[in-house]
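Geometric and topological summary
Spelled out, the chains give:
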Amino acid sequence: MSDQEQQRVRSMGGLALLDWLRPPPGFVTDAALGTTYSLDLVTCAAALVSLDGTARDNADFGLTAALRAMQRLAERVFVVGQQGCVHAPERTREALLPMLDRFVRMARRPLDEGAFHPKVWLVRQVHARHPGAVQQEDEVRYVLVVGSRNLTRDLSWDLGVALQGYVRGPREANLPGVGDFVRFACRLADLAPFAGRFADVDQVEWEHPEKVRSMRFGFHGEERIGAWEGTILPELLERAQSVLWISPFLDTKGVEAAAKLSENAEYRRLVAGTADLNCVAQKSSSRRYLDRLELRSLPSVSEEPSRRAAPDEADVDVTSTENPELLEDARGLHAKAIAVWTSRTSSVLIGSANLTGRGWLGANVEAWLLLEGRMDLADALWAWSEQVAAEYHLPEPKHGQEQDEEALNRWHHRIAARSFTLREDAPSEGAELSADTPPLLADARDVELRVGRLARPADLWAWSPGAMSMTLAGCELAQRSSLLLFVLRTGSGDDAQERAWLQHVRIEPALDPDARDRALLRSALPPEQFLEYLRGLLDDDLPDDLDGEDRSASARSAHQDHAGGEPAAGVGVEVLLRALARAPDARGKVAEIGRALGAYLSAADAEEPRLAELQALWRAIEEVYS
C-alpha cells in the first residue's frame, strides 16, 4: 500500500462515540435519546457518565461518576433497544445495575418479523450557566450520531458520522426527518411525551463535515417498502462508476440487489462477514450474483446476546484499549456503508441496515445518513477495504447445515416477544412471574429456560414447560428491577447452545424507582464511600482556575477521610464554600447536595452521627443560599 493510501486509512480515525456524547465546556446535557439493537448495561452506564460531562477521560467510569450521572440524568436520558437483545451482565458492579431500568426502554417488535435496529443518538445540550432558563441563539447545541455501533463493548469495525449544530430560531430544517425519527422511536418505546424535549430539533442548523456538500437523513420501518425501487438505493447508484458495499450480514435478496443496482459501474466491491459469504455462496441463486462482484471478507460477528461469561472470562477487561494493535487482527466486521463514486462527486451512505431484504425492504426499523461531497470523500473507505479485508473466493457448494443455532434463535425470538408480569405483593417473601397466553414452552423439546434477578445473576429458577407462571425468590428493595435475567438452553450434551439476555417485565404493584434508588445507594455505599460521593458531586464544578491552595486543601480533606478525620473536615467544607462562591449555579449545587444527604439518611437503617452532623451543617448553608 502506498504512503498516500495509508494516510487515507488513518484519516478514518475520529472521536469515539462516548467522546461525542460528552458536552463541551460551558454546556450540560438537557436531554438525550439513544437507539440501538443490542446493548449491555455497563456500556450504558459509561454513556451516562459521558452525557453527565464529568468524566476526565474515557476510563473515568468509576462508582462515584456512575452514581452521579444516574442521579442527575433520570427522566432526561433514555436508551431504546430491541426487546430480548439486552446483554446479560458480567460480574461488574451488579449491585448498581438495577438503577439502569430508569434509562433503558424496549421496542417491542417481534424479532421473527422485523427488529428495531437503528443506531442513532440525539443529544440536546444547553448553556451551563442557566440550564433552566430560556436559551438564546447558540445556547442550544445538538449532537446527532448515526452509524452501525450498538451500545455494547464489542470491538468490531464500526462506522458512524457525528454532526453538531445549533438552534438558530424558526427556519427550514437543513436535515429534515430527524424530528420524525425521534417521535417514531419514542412512540415505539411508550415514551411519546419525551419526544417533546426535542421540540426545536427541526430548527437546528447542522454543520457540514469536511469535504461534505450536502446531507440527507432517513429511516424506514413504519411500513414495509416491498421493492428495492422504493428505497434510496436506485437514486444513489444511478450514475455510479465505482461502488463499495460494506455489510457484515447478507442474504440472497441483498446480494442480488447489489449486483443488479450497480451493474453499470466499472468497479463493484463487496466487503462482508466470512460466515455470511459462506452461507450465501451455498445457494445457487446467490452464486451467480456473487460472481459479478469483487469479494472481500472479514471475520463475522453476532449482534445477538451471547452466553453468560464463565467466571474466568468475566474477569477479563474487554473494554481495555491499552494496546489496540494486539486486537487488530481479531476484529470482526460490523460496519454498514455504501460508497459511490461518479465522474464528479462521491457519496457515502452510513447507517444500520445490512445488505438484506429485512434491512432495506421495511421489515426492520433502520436509520441512515447520506453524505455527498468531493471526489475523495470516500477514498479512505476504499483504502481501508484494501488493507484490512482479505480477498474472498467462492467455496465449493456443500450440503447440510447446523440446526442447533437455528433452534436457539427460534426459541429466543419466541420468548423475547412475550409479555411478562412480576407480581410482588411482598417482595421479601417471593414474587410470581407470569407470561401472557399461550403457555410458555408447551411444545418444547430439549429446551430449558431459567430466570433470575438482575442483581443476583447466580440464582436462577427453572420455568416448567407448559406453565403460565413461576415463583422467584424474594429480594430487598434495593435489588428490585423491571429487568430480569433470562437464560435459554437448547439441545443436550455437546450440542447444547445457551443464550442469556435481560427481559423487561411489568411490575405490579408499580415499583417506586426513587425509593429503590435511595435504598440501593444506601446499600452500595457505606458512609465513608458516601462522603466520597458527595465530594464527587462538587469536584466537577470546581472552576478550572481554582488556585493551588484550594486544591491542596481539598486533597488534604480527602486524606483525612481515609485516615479517620473529623466529619466536617472530611468533606472539605471550607474549600467547598469557596468553590460555591464562584460556581455559576451555586444555589442548584447546594440543593443537590442537600437532596443527596436527605435521601441517603432517609434510607439508613440506623442513625449515622457523622452524616447527621453534616446534614445539619448543610441546612445552615442552604439558608445562606436560599
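In this report, we go over the structure that sits alongside the text.

How each quantity is defined
- Residues numbered from 1 in each chain as written.
- Predicted model: local features only at pLDDT ≥ 70, side-chain atom pairs only at ≥ 80, totals over all residues.
- Heavy atoms only, no water.
- Buried < 20%, exposed > 50% of the residue type's maximum accessible area, 1.4 Å probe, protein only.
- Helix = DSSP H or I, 4+ residues; strand = E, 2+ residues; numbered from the N terminus.
- Pairing = 2+ DSSP bridges.
- Phe/Tyr/Trp six-rings, centres within 6.5 Å; stacked < 30°, edge-to-face > 60°.
- Lys NZ or Arg CZ within 6 Å of the ring centre and 35° of its normal.
- Salt bridge = Lys/Arg side-chain N within 4 Å of Asp/Glu carboxyl O.
- Polar contact = N/O pair within 3.5 Å; in protein donor to acceptor, adjacent residues only side chain to side chain.

Moving on, we come to the pairing of strand 22 (residues 469-472). Alternating residues of strand 22 divide into M470 and L472, all buried, and S469 and T471, none buried. Looking at chain direction, strand 19 (residues 430-435) and strand 22 are connected through four bridges and run antiparallel. Following the sheet pairing, A431 is matched in strand 22 by L472.

On inspection of all chains with the given rule, the structure shows 12 aromatic pairs. Aromatic pair F420 and F486: ring centres 5.1 Å apart, planes at 80°, arrangement edge-to-face. Of the two residues, F420 is situated in strand 18 (residues 420-426) and F486 in strand 23 (residues 483-490); the sequence distance between them amounts to 66 residues. Of the two residues, F420 and F486, both sit in the buried class. Measuring from centroid to centroid gives 5.8 Å for F486 and W501, while their planes differ by 45°, and the two rings are tilted. You can see F486 sitting in strand 23 and its partner W501 sitting in strand 24 (residues 497-504), a full 15 residues away along the chain. Of the two residues examined, F486 and W501, each falls in the buried class. Of the aromatic side chains, those joined through ring pairs into one cluster are F181, F184, F217 and F219. The ring of W411 has R414 lying over it, and the distance from NZ or CZ to the ring centre is 4.6 Å.

Our focus in this paragraph is the pattern of salt bridges. Counted by the stated rule, this structure contains 38 salt bridges. For R516, the salt bridge identified is with D101, shortest N-O distance 2.8 Å. One end of the pair, R516, is in helix 14 (residues 513-524); the other, D101, is in the loop between strand 4 (86-87) and strand 5 (104-107), and 415 residues separate them in sequence. The two residues R516 and D101 agree in class, both being buried.

Right, let's talk about the sheet that holds strand 13 (residues 294-298) for a bit. With mixed pairing, eight strands are arranged side by side in an open sheet as 10-16-15-14-11-12-13-17. With partners counted over all chains shown, the strands left at the sheet margins are strand 10 (212-220) and strand 17 (390-391), one partner each. In terms of strand pairing, strand 10 meets strand 16 (residues 366-373) through eight bridges, oriented antiparallel. Residue H220 lies in a different strand from strand 16, and its bridge partner there is E366.

We now examine the side chain of K119. Mapped onto the elements of the fold, K119 is located in strand 6 (residues 119-127). Classification of K119 by relative accessible area gives buried; the value is 3%. In terms of polar contacts, K119 uses its side chain to reach the side chain of H117, at 3.0 Å.

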